[in-house]
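Chain residues, written in single-letter form:
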Amino acid sequence: MTGRIIVYSRTGTTSRLAEALAARFSVPISRIATARYGSGALGYARAGFDSLRQVKLPVTLSPAVGAADWVLLGGPIWTSYLSTPVRSYLEARTDDIPILGVFTTGGGQGEPDNIEGQIKAIGPNGATPPWLALTREQLDTAEATVMMDAFEAEVRSRIEQAGAAQATRRDA
Ligand SMILES: Cc1cc2nc3c(=O)[nH]c(=O)nc-3n(C[C@H](O)[C@H](O)[C@H](O)COP(=O)(O)O)c2cc1C
């Protein structure tokens, strides 16, 4: 079972989390990109405006996912939703590689109410994937390590289940 991390990060925070997860699972990273949201004030304003309107936009993924058996998908929280590039990627993707975990970073403001329904809809066969939600401040703390340990264990059990299901299908 080969895996891959897919991440969007406008200002580098979620990218750091993606790198930590890639090291834990020994898998490569593919990055979602768009030129629309630079890291400055204009990028911030556009990000907020687009997220509130839940627009979709063309995004690129580099390198391509290739022959992965499972994926972890991550990005920042924007206006309490999955960020626009992550949503756009989800809506445009043509493969059906199961997303076995979701990770987000946020500034810690407000409850990310809207995101829960979006994450529920992502999982294979209606199973809500494990969700690792860290704030920027938590990222390099012992608390984050504990949360990442729990997330890793849950994802590994989903990977095992997916592997068993795949083997059963092959044998059938
Ligand atoms: C337009 C916009 C809206 C945001 N809305 C939220 C929010 O609703 N809740 C939250 O906790 N953080 C929010 N944030 C903060 C980001 O989620 C946080 O800074 C994140 O770690 C940035 O990740 P990145 O560096 O990978 O882009 C928002 C940031 C932007 C740009």
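Check the entry above for the structure.
The shown structure was predicted, so the numbers you read here are calculated from the model rather than taken from an experiment. (Residues numbered from 1 in each chain as written. Predicted model: local features only at pLDDT ≥ 70, side-chain atom pairs only at ≥ 80, totals over all residues.)

## Observations regarding unusual backbone geometry
Cis geometry is found at the peptide bond from Ser62 to Pro63, where omega equals -10°. A positive phi angle, close to 50°, is found at Ser26, a residue other than glycine. Along the chain, the position of Ser26 falls in the loop between helix H1 (13-25) and strand S2 (29-33). Residue Ser26 is classed as exposed on the basis of its 8 C-beta neighbours within 10 Å. For Ser80, which is not glycine, the phi dihedral falls at a positive 65°. Checked against the element boundaries, Ser80 lands in the loop between strand S4 (70-78) and strand S5 (81-82). (Helix = DSSP H or I, 4+ residues; strand = E, 2+ residues; numbered from the N terminus. Buried ≥ 20, exposed ≤ 12 C-beta atoms within 10 Å, placed from the backbone.)

## Thoughts on the environment of Thr13
Following the sequence through the fold, Thr13 ends up in helix H1. Among the residues examined, Thr13 registers 17 C-beta atoms within 10 Å and is labelled partly exposed. Not counting residues up to four positions away in its chain, the partners in contact with Thr13 are Pro76, Thr105, Arg136 and Leu139. (Contact = placed C-beta atoms within 7 Å.)

## Details of the site of the ligand
What surrounds the ligand is a group of 24 residues, the closest being Ser9, Thr13, Thr14, Pro76 and Gly106. Elements supplying a minimum of two residues to the shell around the ligand: H1, helix H2 (41-53), S4 and strand S6 (99-106). Element by element, the count of residues in the shell around the ligand is highest for H2, at four residues. Of the residues assigned to the shell around the ligand, the class counts are six nonpolar, 16 polar and two charged. (Near = placed C-beta within 6 Å. Nonpolar A, V, L, I, M, F, W, Y, C, P; charged D, E, K, R; others polar.)

## Thoughts on the nonpolar core
Ranked by internal contacts, the top residues of the largest apolar core, which has 30 residues, are Ile32 and Leu72. Among the elements of the structure, strand S1 (3-7), H1, S4, helix H3 (84-92), S6, helix H4 (113-120), strand S7 (131-135) and helix H5 (142-171) are those that each provide at least two residues to this core. At six residues, the largest contribution of residues to this core is made by S4. What Ile32 contacts, discounting residues up to four positions off in sequence, is Ile6, Val7, Tyr8, Val59, Leu61, Pro85, Val86 and Tyr89. (Core = buried A, V, L, I, M, F, W, Y, C linked by C-beta atoms within 7 Å.)

## What about H2?
With 13 residues, H2 should reach 18 Å at 1.5 Å per residue; the first-to-last C-alpha distance of 19 Å fits that figure. Turning to H2, its buried residues number three or more, namely Ala47, Asp50 and Ser51. The arc enclosing the buried residues of H2, seen along the axis, measures out at 100°, which places them on a common side. Along H2, the residues that are exposed and aim more than 90 degrees away from the buried face are Ala41, Leu42, Ala45, Phe49 and Arg53. (Expected span 1.5 Å × (residues − 1). Arc of directions from axis to C-beta.)

## Considerations on the pairing of S4
Of all the nine residues making up S4, nine are buried; the element is thus mostly covered by neighbouring parts of the structure. Note that S4 and S6 share six bridges and pair parallel. Bridged to Pro76 within S6 is Thr105. Counting the residues between successive antiparallel strands, the hairpin from S4 to S5 contains two residues, one of them, Thr79, with a positive phi of roughly 45°. (Pairing = 2+ DSSP bridges.)

## Re H1
Spanning 13 residues, H1 covers 19 Å between terminal C-alpha atoms, matching the ideal 18 Å at 1.5 Å per step. Turning to H1, its buried residues are Thr14, Leu17, Ala18 and Leu21. The buried side chains of H1 occupy one side of the element, clustering within an arc of 105° when seen end-on. Buried residues along H1 sit in contact with S1, S2, S4, S6 and S7. Note on H1: the residue one or two positions beyond its end, Ser26, has a positive phi of about 50°.

## Notes on the pairing of S6
Taking burial as the measure, the eight residues of S6 include six buried ones, the bulk of the element. The sheet contact formed by S6 and S7 spans five bridges and is parallel. What sits directly across from Phe103, in S7, is Leu132.

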